[in-house]
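# A closer look at the structure
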Amino acid sequence: MNLFKTSLLAVSLLTLGVSCNDKGFLDVNPTGALSDSQLNTPENIDKQVIAAYSQLGNDIYYVPYTSMWPYGNVRGGDAYKGGGGTADVDAFHFYETFSFNRVDISNTDEFWYRMYLSISRCNDALRRLNAVDATTMPTKAIRQGEVRFLRGHFYFLLKEMFKYVPYIDESLATEDYPNVSNRALSNDALWSKIADDFRAAVASLPADQSEIGRANKSAAQAYLAKTLLYQAYTQSDANAVTGIDASKLTEVNTLCDAVIASGKYQLHSDFATNFLTTGDNGVESVFAIQFSRNDGTPKGRTDRGNELNYPMNPDYGCCSFHQPSQNLINAFKTDATTGLPRFTDFNTSGDLVTASDFLATTVDPRVDHTVAVVGHPFKYSPTFVFDNSWVRVPGVYGYNLSMKESVLPTDPSFQKTPPFMSSSKNWAIIRYADVLLWKAEALIELNRSADALPLINQIRTRAQNSTGRLKQANGSAISNYKIGQYPTAGFTQAYAREALRFERRMEFAMEGCRFFDLVRWGIAGPYLNAYFAKEKNLRQYLSTANFTVGRDEYMPIPLNQINFSKGLYKQNNGW
Amino acid sequence: MRKSVLFARQLGLPALLAAAPLALVALPNVALAAGPKNTTRAYADITVTGQVNDEKGEGLPGVTVIVKGTTNGASTDATGKFTLTVSSTATLVLSSVGYVSQEVAVAGHSTLTVQLKPTTQDLNEVVVTGYQTQKRADLTGAVSVVKTDEVKGMTSNNVVNNLQGRVPGVQITTDGSPSGNNTAVRIRGFGTLGNNDPLYVIDGIPTKTGINQINQNDIESIQVLKDASAASIYGSRAGNGVIIITTRKAKKGVTRVDFSTFLSAQTPGPHIKMLNTQDYGRIYWQAATNDGVTPNIPFYSYQSHQGPAGQPVLDAVVVPEFLDAAKTQRTADTDWFKETQQTAFTQQYNVNVSNGGEHGGVLFSLNYYKNTGTLKYTGAERWTGRLNSDYSLLGDHLKIGQNLTVSKLQEAQFDLNLIRDRSSQLLNIVPVHTVDGIGWGGPVNGIGDRDNPVRLLTDNQQNRSDLYRLFGNAFADAEIIKGLHLRTSFGVDYSLYKYNELYKTFTAGYLSNANNRVTNNESTFGNWVWQNTLNYDLTLGGGNHTLSVLLGNERISYNQEAFYASRTNFASQDPNYIVLDAGSANKDNGGSATSYRLASYFAKVNYAFKDRYLLSGTIRRDGSSRFGSDNQFGIFPAVSGGWRISEENFLKNNATFVSDLKLRAGWGQTGNQDIANYASRAVYQSSLGTLDPNFAYDIGTAYDIYGNDTNLPAGYRRVQQANPNLKWETTTQTNVGADFGFLGNKLTGSVDYFVKNSTDILVNLPYLGVVGEGGDKFVNGASIQNKGWEFLLGYQNTLANGLSFNITGNLATFRNKLTYLPAEVINAYGGNGQDVTRLGHSINATYGYVADGLYQTAAEVAGGPTQVGAAPGRIRYKDLNGDGKIDNFDQTWITEGIPNFNYGLNLGASWKGFDVQVFFQGVQGIYAYNNSKFRTDFSSLASGENWGARLLDAWSPTNTGSGIPAPTLVNSNNEGRASTYFVENASYLKLRNVQLGYNLPTSLVSKIRLQNVRIYVQGQNFLIAKSKQFTGPDPEVTNYQYPVPHVFTTGLNVSF
């Protein structure tokens, strides 16, 4: 072997031997990503709070947890599912009719998961906030309050849907999550946990926030009031209301008073303002989801939970979901002389269907803010008249559509994302009217009906004054409006209760809370079965509908979650 | 100048592309080829001119002709001719790879014609086994060699498609995609829960993708390394098996130009049958009537009367003249499948020029392929060029060379699922166009928001992507001392992807879009590979011991970068106008990057004693950037042995019918690292919003906290959890097998049995909801076992009359089961959440209910177990646990989803220039989940969409014999649930390929100075036999695939 060959061999062996720093070669860092610890700077912690906020509106039409329309309105007898027929998003059909609702409907499981996803963003932000030094992050306490407010909100939604849920907070290590049962806390203790978050928020939030989207002290007080109001109605395991906790009601009253006393809020002079883009962050908005478009994000941060709820005309295109029930529309009838609701006979005869029906009968003006009627201007535009071709399958779901969530195609907030539509109009989580009526409800249940009366009348007065936009092209009123105030006389607790409940229905119709009100009051079963008995004569598909008392007040714990928990989670009563 | 003249004549063919570089390469060929011929004009007895032909009578180039007992010899030229000056009594030995060596006595003749017979399994055939080559006789692992001859002329754009059914243990599923990119290859079952694709090694360069960008005509050989003892030299990426592709090189002393072309017509294969306009109206009426509601659909009216029993009877379905009030859409009966499909044409032109000299050779090829696609406007075009060259220097002690291919694939970018879905969804009553013949028909009230598929295809026709790829390597191989080779190779595999998309404005029924949008996408991706190996071959002990040793290392670095930019509101949709600058609104852009690296060391020893006892061992150590820092490296060993019994005297002397018999056994481990690049890390990312949030959750982290639609701050979302312990998935495989040849290798074959255990399988599992966002985590989870048999048997013979024929059959089985699941994820794979899990079942198994026919009467319903939604005409589910109610606990494993066996049968014959080939392929005993029943059998699972024609025979009180549930509009009985209703016998046998070829007689073609002319006709997918139980059109086709076409081809091959 000559020298040349030997040296070649040596070089070759050397080449093979180069383990020249494999570790260094293999150390490839992720691109466009940060590690957990990189997020612990005050700037990034602040952004994690934003990430938690953004989850408020990150929903989609088949699990619309912002507006809650299928859960609160369709299940509450105020709305039909709508859309292309009973099989179009059939999960909502089963929610609506209850009879065939199941433990393995994926939309229900998805709702559960999306809530915990939102909660995990809150817990992530809180974990970092708790650890940061207040001197390096002066906003620490405020941000903690905001995140606890947000977490309270998501747990509230979970609680009103599923009743018994596992409670996970930022102090728990991820590996311990699988050990937390949905029955670790009682019904009452779970409400208290949610209330604790809002109490903490009340304690640390300032009265005013310079950034309009952030929760402030009043918002936290209002949400705490709402939580305590729900908690006040104690419930058995079989979902029957067993009593009412006066001390909680007293606190509700106090909290509402604090919000009122802040002087920051009032009712918009026109009810319509609440449902127009121009009313975003107006005086009635206590806390709202901030949607946006043309905002530098790819498709805008718009309201996707409502994206099916538009008419079928060429300016929109799709999909005619969320149609008001005839029962709801009839409920807007008022007494021709007093202008008061017709508690007992609104639905016994004379359905409000055609435009002329609305002129022949006196109605609450809020009907034309809430319900699209053939021949009535859509969304306050006299030249944009709702036509019977704008509804998808009227033979199944009738000719009406919901209007509060939608915007005109010419509105600057309108966003078409074919085949659907959405908008950047804000969605109110709490508006001031809610605070007034929670206070009224607490007072009535505390047997202080007289104190509740002016609050209810305040709401009705505003409704009465809200006809300015309700005009046909020729300037005439769309409907025959007549709305009056409750007189002091005869405003007994029982009557006041009925008045309050009716007022909530009119004021918040199609805003996602009706079913939860019914369950809170403990009347969902009888109320809905009575509704089905009458409504099925108009809507044949309701003939199979039936509410099972003790079961249907809550969704079943999703089968998937029970399986994944290896049976740790216990199913709700009746399921 | 003979060849150049001819070449110029060939240029006249319209098919030839890019003639100039071809001519350049062709010219020096003449000089090189002429050289050796003139050198043997020395003193000798006689000059023999010979012609060597193959079994088809075609001139065989590159045959070594040696005077027996001397070193005097020559090679045949491109036409199979040789000239040699020898003693008149000499004997010539003719040998060539792939052919039986033959001795011919000169016996004073000055001209000789010899025909060589091919060997089906030439034991001296050189097989590429990973960083080295071995003789087939010395192989100890399970290696299948595919004969490219059998698949040449097949029209697919993806060479892998043509292997379907030809290699036992290799399962290939494909569709009719024009670019050939929808092919799945599974070697020996399903070994992992993620990516089951094998590793491809092309001329030594590993890749996982893009085999459809390789020109099939460039391929010399394909080898499949199935077992671990063969594949473990590729360690970390060999868990799913390895397919080695070697491209053609110029053969020494051969100058040859091959031209081939084919043209085929493809007609779309079968699809599911939907209801026509009248029948949809009828079924809708029936469904509503069954539900007890008044049929109410805006565009149908009904005439009916009460029957004798009070039941409604339909007299007529009345279809209006127009669908819409504006009278723009005239009602129609549109067959959307027919409207979206067409007869496709495929054409290919290939020129291959090779020039092999004494000290090197060059091969150059150009290929053009075009397939217009059986779906309108979905065609693909591909250009490939290849240059393979090598040069020997320093007295042949140093060889340098390169293999390089460049390709451009242009294909339509369209959403296949969407097109096929819409074709089955949009009602036939919708016209293709509005009455003006220009506007688009589309859904109206009562019809779901399903777009017109013809519009989708037509408006998308300008949206074509270009994928450019540079793939190849440069290498140097030095022989340091005899038998010791040092080789270094630097390979590249880089692609550039460009795609400009125009999303047009449109109106189709109530669907419309007023703002057009242009999005430009660009990405570059690929890797370099640097390999260094030392190979040492030596023979000791007087030839009794042969030893080869391989040492090597390899580094791979992969990078990918992508970005897009888009704008909306373009004043014109003219292709020349739609540059981004012309858009006036919504400027948007985005981008991403990712990378991974691999560092590996490997060694292999092959030892043979007296060519009888064979032993082989490999070990490989791999490091991957994808794993946790503590577990980046994995070690993959393998050993195997072989015993060539046929070399033993006791067999040689006593059983002469045995030509070859070898027993093999091997054990080894391979790895899998096919997971996300940063799988071991906790990753947080910012996301302004979701690109298409219509059908997916918005995962955005930005929020308009200022309430003014500007300057949205954005946080970070957790994408996945960290797992610093993440390590390789390991597959341990044991293989025993035998190769045999009987009766002078007329009957040959092999048998293999394998057991393959995959452990620490990398999975990203679904998790408990409370874990929340980014709960995803890659873990080393399950274990899977595959085991099975593989058989290959071939017979070939040539009769005295010159008829030669061959029959090759193969059959393979595998069984698959999950053998281990970590406790925390055991319920993530199905089961009832308690005692029933997937353990012991196949990963293809389906868990579900047992459909037990239909309820016939209300009394039956009342007497049956509690089943939410039960009613006459509805599916009855079995109460498996007998607790009186149908729930989660009444499910079981309803099919394993694994066939009893897969098989293929190839018949070939040739006689006097004619050759014929017939190929069958089949799958037997598979019970598949037929998802298309979802569309064809139910009117309740999709509303506002078309339903299957099978519903015309659905159950009714007067048609109680039907197994199809009664039409209903509401799915109260949850009949879409996983159940045996959807499980069907999907066995099939297909006539994949029939080919008839004719080689023009040499006497004729030589007059026009050509070497060989072959013409052929071919048919693909002409016949299918399927189980009667299968209700779909073709078990191989789902509604979402590109239609598998029937293909008729004519082709021409010319060599000169």
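Notes on the structure in this doc start here. (Residues numbered from 1 in each chain as written. Chains lettered and ligands numbered in written order. Predicted model: local features only at pLDDT ≥ 70, side-chain atom pairs only at ≥ 80, totals over all residues. Heavy atoms only, no water.)

### What to know about the packing of helix 16 (residues 449-464) of chain A against helix 17 (residues 493-507) of chain A
Two numbers describe a pair of packed helices, the interaxial angle and the distance between the axes. Residues and elements named next belong to chain A. Remark: helix 16 packs on helix 17, axes separated minimally by 11 Å, with the N-to-C direction vectors making an angle of 25°. As the angle between them shows, helix 16 and helix 17 are arranged roughly parallel. Every pair of crossing elements has a handedness; the one defined by helix 16 and helix 17 is left-handed. Together, Ser449, Ile456, Ile459, Arg460 and Arg462 of helix 16 and Gln493, Ala496, Leu500, Glu503 and Glu507 of helix 17 make up the contact between the two elements. Looking at side-chain class alone, the contact of helix 16 with helix 17 contains four nonpolar, two polar and four charged residues. (Axes fitted to C-alpha atoms, helices over the stretch in contact; angles between N-to-C directions. Helix = DSSP H or I, 4+ residues; strand = E, 2+ residues; numbered from the N terminus. Parallel < 35°, antiparallel > 145°, perpendicular 65-115°, else oblique. Left-handed = near helix turned anticlockwise from the far one by under 90°. Contact = heavy atoms within 4.5 Å. Nonpolar A, V, L, I, M, F, W, Y, C, P; charged D, E, K, R; others polar.)

### Some thoughts on the pairing of strand 18 (residues 301-306) of chain B
Residue and element names in this part refer to chain B. Inspection of the sheet shows strand 18 paired to strand 19 (residues 312-318) by six bridges, in the antiparallel sense. For Tyr302, the partnering residue across the bridge sits in strand 19 and is Val317. Joining the antiparallel neighbours strand 18 and strand 19 is a turn of five residues, in which Gly310 adopts a positive phi near 85°. (Pairing = 2+ DSSP bridges.)

### Some details on the sheet that holds strand 3 (residues 73-75) of chain B
Residues and elements named next belong to chain B. Strand order in this open sheet of four strands is 3-2-5-6, and the pairing throughout is antiparallel. If you trace the sheet from one side to the other, it starts and ends with strand 3 and strand 6 (102-105), each paired once. Averaged over all pairs of adjacent strands, the angle between strand axes in this sheet comes to 20°, irrespective of strand direction. Summarising the sheet, strand 5 (residues 91-95) and strand 6 pair through four bridges and their orientation is antiparallel. Note that in strand 6 the partner of Thr91 across the bridge is Ala105.

### Here we look at helix 10 (residues 246-261) of chain A
Residues and elements named next belong to chain A. Between its terminal C-alpha atoms helix 10 stretches 22 Å, which fits the 22 Å expected from 16 residues at 1.5 Å a residue. Every buried residue of helix 10 is accounted for by Lys248, Leu249, Val252, Asn253, Leu255, Cys256 and Val259. At the C-terminal side of helix 10, Gly263 shows a positive phi close to 75°. (Expected span 1.5 Å × (residues − 1). Buried < 20%, exposed > 50% of the residue type's maximum accessible area, 1.4 Å probe, protein only.)

### Quick notes on unusual backbone geometry
Residues and elements named next belong to chain A. For the peptide bond that leads from Cys318 to Cys319, omega is 5°, which places it in the cis range. Along the chain, Cys319 turns up in the loop between strand 4 (285-289) and strand 5 (321-324). In this structure, Tyr380 is a non-glycine residue whose phi angle is positive, near 70°. Relative to the elements of secondary structure, Tyr380 occurs in the loop between strand 8 (377-378) and strand 9 (381-385).

### Quick look at the sheet that holds strand 1 (residues 46-53) of chain B
Residues and elements named next belong to chain B. Reading across from one edge, 4-1-7 is the order of the three strands in this open sheet, with mixed pairing throughout. In this open sheet, the two edge strands, each paired with only one partner strand, are strand 4 (81-86) and strand 7 (111-115). When strand polarity is set aside, the average angle formed by the axes of neighbouring strands in this sheet is 25°. Pairing of strand 1 with strand 4, which is carried by six bridges, proceeds in the antiparallel orientation. Bridge pairing in strand 4 links Gln51 to Lys81.

### Observations concerning helix 7 (residues 140-162) of chain A
With 23 residues, helix 7 of chain A ought to run about 33 Å at 1.5 Å a step, and its terminal C-alpha atoms sit 32 Å apart, in line with that. Just beyond helix 7 of chain A, the residue with positive phi is A:Lys163, at close to 65°.

### A look at the state of the cysteines
All names here are of chain A. Scanning all chains against the criterion turns up one disulfide over all chains. Bridging Cys318 to Cys319, the disulfide has an S-S length of 1.9 Å. The disulfide joining Cys318 to Cys319 has a torsion of about 100° about its S-S bond and is therefore right-handed. Cys319 carries the same exposure label as Cys318, and that label is buried. (Disulfide = S-S within 2.5 Å.)

### Some words on the pairing of strand 40 (residues 783-798) of chain B
Residues and elements named next belong to chain B. Examined bridge by bridge, strand 37 (residues 747-759) and strand 40 share 12 bridges and lie antiparallel to one another. Within strand 40, the residue paired with Asn757 across the bridge is Gln785. In this sheet, strand 42 (residues 815-820) lies alongside strand 40 in antiparallel orientation, the contact comprising five bridges. Note that in strand 42 the partner of Ile784 across the bridge is Leu818. Across nine bridges, the pairing between strand 40 and strand 41 (residues 804-812) is antiparallel. Bridge pairing in strand 41 links Leu793 to Gly809. A loop of five residues connects strand 40 with strand 41, the two strands running antiparallel in sequence, and Gly802 in this loop sits at a positive phi of about 95°.

### What to know about the nonpolar core
Residues and elements named next belong to chain A. Core analysis: the biggest nonpolar cluster contains 246 residues, and Phe111 and Phe149 have the highest contact counts within it. For this core, the element with the highest residue contribution is helix 6 (residues 106-131), accounting for 11 residues. Every residue in contact with Phe149, bar those within four places of it in the chain, is listed here: Phe198, Ala201, Ala215, Ala219, Ala220, Tyr223 and Phe287. (Core = buried A, V, L, I, M, F, W, Y, C linked by side-chain atoms within 4.5 Å.)

### Structural notes on the interface of chain B and chain A
Taken together, the contacts link 107 residues of chain B with 116 residues of chain A. Of the roughly 9000 Å² buried at the junction of chain B and chain A (both faces included), carbon and sulfur atoms supply 57%. In this structure, the connection of chain B to chain A is made through five salt bridges. For B:Asp698, the salt bridge goes to A:Arg301, with nearest N and O atoms at 2.8 Å. Linking chain B with chain A are 33 residue pairs in polar contact (both at pLDDT 80 or more). Elements supplying a minimum of two residues to the side of chain B that touches chain A: strand 24 (464-481), strand 25 (484-503), strand 27 (511-513), strand 28 (517-540), strand 29 (545-570), strand 30 (583-609), strand 31 (613-624) and strand 34 (683-685) of chain B. The biggest single contributor to the side of chain B that touches chain A is strand 30 of chain B, with nine residues. Split by residue class, the side of chain B that touches chain A holds 51 nonpolar, 43 polar and 13 charged. (Buried area = accessible area lost by both parts, 1.4 Å probe. Salt bridge = Lys/Arg side-chain N within 4 Å of Asp/Glu carboxyl O. Polar contact = N/O pair within 3.5 Å; in protein donor to acceptor, adjacent residues only side chain to side chain.)

### Side note on the packing of aromatic side chains
What characterises a pair of aromatic rings is the spacing of the ring centres plus the angle enclosed by the ring planes. All told, the structure shown has 84 aromatic pairs over all chains when counted by the stated rule. For the pair A:Trp112 and A:Phe162, a centre-to-centre distance of 5.1 Å together with 80° between the ring planes defines the contact as edge-to-face. Within this pair, whereas A:Trp112 is found in helix 6, its partner A:Phe162 is found in helix 7, the two being separated by 50 residues in sequence. Ring centres of B:Phe740 and B:Phe742 lie 5.3 Å apart, and the angle between their planes is 20°; on these two criteria the pair is classed as stacked. An aromatic cluster of three or more residues is present, and its members are A:Trp69, A:Tyr71, A:Phe92, A:Tyr95, A:Phe111, A:Trp112, A:Tyr116, A:Tyr155, A:Phe162, A:Tyr167, A:Phe321 and A:Tyr569. Positioned over the ring face of B:Trp383 is B:Lys408, at 5.1 Å from the centre of the ring. (Phe/Tyr/Trp six-rings, centres within 6.5 Å; stacked < 30°, edge-to-face > 60°. Lys NZ or Arg CZ within 6 Å of the ring centre and 35° of its normal.)

### Section: the environment of B:Thr83
All names here are of chain B. Mapped onto the elements of the fold, Thr83 is located in strand 4. As a C-alpha pair, Thr83 and Gln51 span 32 residues in sequence and 9.0 Å in three-dimensional space. Non-local contacts of Thr83, meaning those with residues more than four positions away in its chain, are made with Thr47, Val48, Thr49 and Ala74.

### Brief notes about the environment of B:Pro431
Note that B:Pro431 resides in the loop between helix 7 (416-425) and helix 8 (453-459). Classification of B:Pro431 by relative accessible area gives buried; the value is 6%.

### A look at the side chain of A:Asp78
All names here are of chain A. Among the structural elements, Asp78 can be located in the loop between helix 4 (69-74) and strand 1 (79-82). On the basis of relative accessible area, Asp78 is assigned to the buried category, the value being 0%. A polar contact of 2.7 Å, which involves the side chain of Asp78, links it to the side chain of Arg505. In contact with Asp78, not counting residues within four places along its chain, are Asn73, Gln323, Pro324, Ser325, Leu328, Arg505, Ala509, Met510 and Arg514.

### Things to note about the side chain of B:Gln329
Residue and element names in this part refer to chain B. Checked against the element boundaries, Gln329 lands in the loop between strand 19 and helix 6 (336-340). Accessibility expressed as a relative area gives 3% for Gln329, which makes it buried. If we ignore the near neighbours within four places in the chain, the residues touching Gln329 are Glu321, Phe322, Leu323, Asp324, Val430, Pro431, Thr434, Gly441, Gly442, Val444 and Gly509.

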